[in-house]
Structures are given as C-alpha cells and as structure tokens.
Amino acid sequence: MTRELYALAQGDLLKTFFISPDSNLCFHGKCSYYCDTAHAICGNPDMLEGSFAIFLPGKDAAPRKVWRHPWRRSYHKRRKAQWEVDDEYCELVKEVHPYNEGRRLLDIMDMSILDFLMGNMDRHHYETFKMFGNNSAPIHLDHGRGFGKPFHDEVSVLAPIYQCCLIRHSTLSTLLRYHSGPQHLSDAMRLSMSVDPITPILWEPHLIALDRRLNIILQIIRKCVETAQDPIHVIVNDYH
C-alpha cells in the first residue's frame, strides 16, 4: 500500500489515507456511502492482499452509461429498499424502460446469478456501452465484494430470480451442465485458475460454495416452474 497505492494516490483519494490505532496504513476512498473510517481498508501494517485489473477501453474510446440497479440495496441501517418489502416488485420493474422490452431484464437475471455464485451483495449500479443502445449487454465490473464469505449464502442476491421467476434457457442449460457433470462448476474453476501464475487464487471453501450455490439457484427455478401456469413464462427461449 505504501509503494503501490499511497505513493501514487492523488487528490481526494490521497486525503482518505490514515494510520489506524494499531499502526496500520488505511484508506477508505471517496464515494456517496460507506466511504468513512469505520469501513476503511487497512494493511498489515501496509501489506494488503488484493486483485486489481482493468480490461475496459477508456470512456473516450467507448462511452458508457451508468444505470441504477433496480434491485439495489438501500445501504441504510434502518430503511429497506422497496424490493425487500414488496414481493410484487418485479411487476413494477417490468413496466419501466429499459426492462419493459429487449434483453435487459434477462441480463439482470444473469447478473444476479453471477453475483450470488461469488457472494457479491454490492451490485448498486451497472454500466452499458452507449454505442449499442438498449442492445448493449451490462458490463460486469466492480466485484470487489465477491468471494468474501464462503460459508454464508446470501439468497437475497437472487431476488430478481425468485421475484420475477425468469431465466434464459441458455443460462439454465449451462447451470444444469455444471450441476450434472461430469465437470462441476468448482472443477471448471480449479482448472481455469490452475494455469495462473499466482494459483491457487481462491480458498477451497469458495470453490465448494460455488457448487452449493448452484444447487440453490436450481431449487429456486424448480419452484418457479412448479408454481407457474406455463413454464414457458419462466424459461425464456433465447436461441433465435
């Protein structure tokens, strides 16, 4: 942190660095919520394990639009988001742009599955490429809260799935393939990361959690199909 973060930080970010009572170097960044000393990121004393990567083109080359996620958490200690208290919330989402047409609502379903598998509760916004308009797939970024709690499955991350009872056929097919094997999702992850210079990247309980969470997703989809008047309204054929 001293050499690779603090020495290079500028402006508002630099102002958020401080030394904790335990003599650790910390910073909390600058944002509209949870960026304070109570939620700081601290080294030990200045060493911090992390992964930092940018693969997107610059915004000048590929302008992006930021969208507020419809199932965004309230980030408030006492006030809940509407989706947390209204089981019919999805019907409201279906009536507004861009979720009332095109691919976007199904994209949100896929994103919730990704977030649940990695345990990411922090999907407050997402982005799309402006040049593709409403045909742009969401850009999957900002996964800093992923793979944090391998022994806890935060099912509320799947609220888009169990409130809308909606999933792409291709997504479900992929989930079933990793569920039935012969290669399970954890196996695929181990194989993918085995060639990385810093392998192992994930703690083994995180890999075990992937298979457990995949089963939970399938159980929710099964319940949706069993209670639906017509399964075609749950599993959407996207092989056009």
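Residues numbered from 1 in each chain as written. Predicted model: local features only at pLDDT ≥ 70, side-chain atom pairs only at ≥ 80, totals over all residues. Heavy atoms only, no water.

A. Examining the UniProt feature "binding site: Mn(2+)" (unreviewed entry) in the protein chain more closely. Using the residue numbers shown here, the UniProt feature "binding site: Mn(2+)" (unreviewed entry) corresponds to Asp142. Checked against the element boundaries, aspartate 142 lands in the loop between strand E5 (125-129) and helix H6 (159-164). Beyond its immediate chain neighbours, meaning those up to four positions away, aspartate 142 contacts Asn120 and His124. (UniProt positions renumbered as here; feature names shortened; annotations may be inferred. Helix = DSSP H or I, 4+ residues; strand = E, 2+ residues; numbered from the N terminus. Contact = heavy atoms within 4.5 Å.)

B. Examining the side chain of aspartate 107 more closely. By secondary structure assignment, the location of aspartate 107 is in helix H5 (residues 104-118). Owing to a relative accessible area of 3%, aspartate 107 belongs among the buried residues under this scheme. One polar contact links aspartate 107 to arginine 168, side chain to side chain, over a distance of 2.8 Å. Once residues lying within four places of it in the same chain are set aside, the contact partners of aspartate 107 are Ser136, Ala137, Pro138 and Arg168. (Buried < 20%, exposed > 50% of the residue type's maximum accessible area, 1.4 Å probe, protein only. Polar contact = N/O pair within 3.5 Å; in protein donor to acceptor, adjacent residues only side chain to side chain.)

C. Seen up close, the environment of histidine 152. Residue placement: histidine 152 occurs in the loop between E5 and H6. What makes histidine 152 partly exposed here is its relative accessible area of 39%. Distance in space between the C-alpha atoms of histidine 152 and aspartate 60 is 40 Å, their sequence separation being 92 residues. Non-local contacts of histidine 152, meaning those with residues more than four positions away in its chain, are made with Arg212 and Arg213.

D. Inspection of helix H7 (residues 169-180) at higher detail. For H7, built from 12 residues, the straight-helix expectation of 16 Å at 1.5 Å per residue is met to within 8% by its first-to-last C-alpha distance of 16 Å. Buried residues in H7 make contact with H5, strand E6 (167-168), helix H9 (204-227) and strand E7 (235-236). Directly beyond the C-terminal end of H7, a positive phi value near 85° is found at glycine 181. (Expected span 1.5 Å × (residues − 1).)

E. Local environment of the state of the cysteines. Taken as a whole, this structure holds four disulfides when the rule is applied. The residue that forms a disulfide with cysteine 31 is cysteine 35, at a sulfur-sulfur distance of 2.0 Å. The sign of the S-S torsion, about 110°, decides the handedness of the disulfide formed by cysteine 31 and cysteine 35: right-handed. What makes cysteine 35 partly exposed here is its relative accessible area of 23%. Between cysteine 90 and cysteine 164 runs a disulfide, and the two sulfur atoms are separated by 1.9 Å. Because the sign of the S-S torsion sets the handedness, a value of about 105° for the bond joining cysteine 90 and cysteine 164 places this disulfide among the right-handed ones. With a gap of 74 residues between them, cysteine 90 in helix H4 (residues 89-93) and cysteine 164 in helix H6 connect regions that are remote in the sequence. (Disulfide = S-S within 2.5 Å.)

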